[in-house]
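Single-letter residue listing:
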Amino acid sequence: MRLCNFDLLPYLLSSSPLQVLSQLVASYFLMGFKMNFFYFLALNFMLAIASTSIGLFIGSCVENPAVAAEMMPALIVPQLLFSGFFIQVSLIPEFLRWAQYMCSLTYAMRLASASEFGQENCGTASCQNLLENNSVDQLESYWYWVILFAIAAIFRLTSVVILKNKASF
């Protein structure tokens, strides 16, 4: 079977989990992470599930896929701004800090930061300062996993309900 210019097997392999896994392996070793490799994979997997759940929710709420695509920057930019990725959480004005709790990237960044810059990998004052400024120790790590799972579950289930209601018309 041929799909346009591709045979089926190369097409499936090009969009497979093998491609994602090879990118994660390369990035893990090229960036020199100190955290456990399987922890890194699990964290990226959970963030991907949560993020795609939010995207699925947005896609199910709108009638036109172009509208959903136009809404993506409004979803991604706040994730980057409020998660502590570009700006430390302590530098965000207090009246805007509530937005960090709505971003799945916040919880993934806190898990990655705790694992990468925690006492076992980096006990220096600058590492501890980074953890404090981004409120990494605000909750136990397992709560961040629970919250990421809850975000994924809630948005997926809500998407199912929305799509089911749309299909009943």
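Because the structure is a prediction, the values reported are computed rather than measured. (Residues numbered from 1 in each chain as written. Predicted model: local features only at pLDDT ≥ 70, side-chain atom pairs only at ≥ 80, totals over all residues. Heavy atoms only, no water.)

(A) Spatial organisation of unusual backbone geometry. Phi at S135 takes a positive value of approximately 55°, unusual for a residue other than glycine. Tracing the backbone shows S135 in the loop between helix 6 (125-133) and helix 7 (141-167). On the basis of relative accessibility, which here comes to 25%, the residue S135 falls in the partly exposed class. (Helix = DSSP H or I, 4+ residues; strand = E, 2+ residues; numbered from the N terminus. Buried < 20%, exposed > 50% of the residue type's maximum accessible area, 1.4 Å probe, protein only.)

(B) Broad picture of the confidence of the model for the chain. Of all residues in the chain, 90% attain a pLDDT of 70 or more, and the chain-wide mean is 86. Ranking the helices and strands of the chain by mean pLDDT puts helix 7 first, with 93, and strand 1 (residues 2-3) last, with 47. (pLDDT = per-residue confidence, 0-100.)

(C) Inspection of the pattern of salt bridges at higher detail. Enumeration according to the criterion identifies one salt bridge in this entry. Across the pair K166 and E63 runs a salt bridge, and its minimum N-O distance is 3.6 Å. With K166 in helix 7 and E63 in the loop between helix 3 (37-61) and helix 4 (65-82), the pair connects residues that are 103 residues apart, well separated along the chain. Relative accessible area serves as the criterion here: at 28%, K166 is assigned to the partly exposed category. Owing to a relative accessible area of 71%, E63 belongs among the exposed residues under this scheme. (Salt bridge = Lys/Arg side-chain N within 4 Å of Asp/Glu carboxyl O.)

(D) Layout of the packing of helix 2 (residues 17-31) against helix 3. Direction vectors running N to C along helix 2 and helix 3 enclose 130°, while the axes themselves pass 11 Å from each other. Our classification of the angle between helix 2 and helix 3 gives oblique. You can see that helix 2 and helix 3 cross each other, and the crossing is right-handed. Of helix 3, the residues touching helix 2 (which contributes L21, L24, V25, S27, Y28 and F29) are F37, F40, L41 and N44. Residues belonging to the contact of helix 2 with helix 3 are distributed by class as follows: eight nonpolar, two polar and no charged. (Axes fitted to C-alpha atoms, helices over the stretch in contact; angles between N-to-C directions. Parallel < 35°, antiparallel > 145°, perpendicular 65-115°, else oblique. Left-handed = near helix turned anticlockwise from the far one by under 90°. Contact = heavy atoms within 4.5 Å. Nonpolar A, V, L, I, M, F, W, Y, C, P; charged D, E, K, R; others polar.)

(E) How the structure looks around helix 2. Spanning 15 residues, helix 2 covers 21 Å between terminal C-alpha atoms, matching the ideal 21 Å at 1.5 Å per step. All of the buried residues in helix 2 are L24, S27 and Y28. All buried residues of helix 2 fall inside an arc of 100° around its axis, so they share one side. Facing away from the buried surface of helix 2 by more than 90 degrees, the exposed residues are L18, F29 and L30. The elements touched by buried residues of helix 2 are helix 3. Looking one or two places after helix 2, you find G32, whose phi comes out positive at around 70°. (Expected span 1.5 Å × (residues − 1). Arc of directions from axis to C-beta.)

(F) Broad picture of the nonpolar core. Counting residues in each nonpolar core, the largest one holds 24 residues, and the members touching the most others are L43 and L148. Residue assignment for this core shows that the elements contributing at least two residues are helix 2, helix 3, helix 5 (104-117) and helix 7. The element best represented in this core is helix 3, accounting for nine residues. Aside from chain neighbours lying at most four places away, what touches L43 is A108, L111, A112, W145 and L148. (Core = buried A, V, L, I, M, F, W, Y, C linked by side-chain atoms within 4.5 Å.)

(G) Local environment of the packing of helix 5 against helix 6. Relative to each other, helix 5 and helix 6 sit at 165°, their axes nearing to 10 Å. Comparing their axes, helix 6 and helix 5 come out roughly antiparallel. As helix 5 runs across helix 6, the sense of the crossing is left-handed. Contact residues: S113, A114 and F117 in helix 5; C127, Q128, L130 and L131 in helix 6. Considering only residue class, the contact of helix 5 with helix 6 consists of five nonpolar, two polar and no charged.

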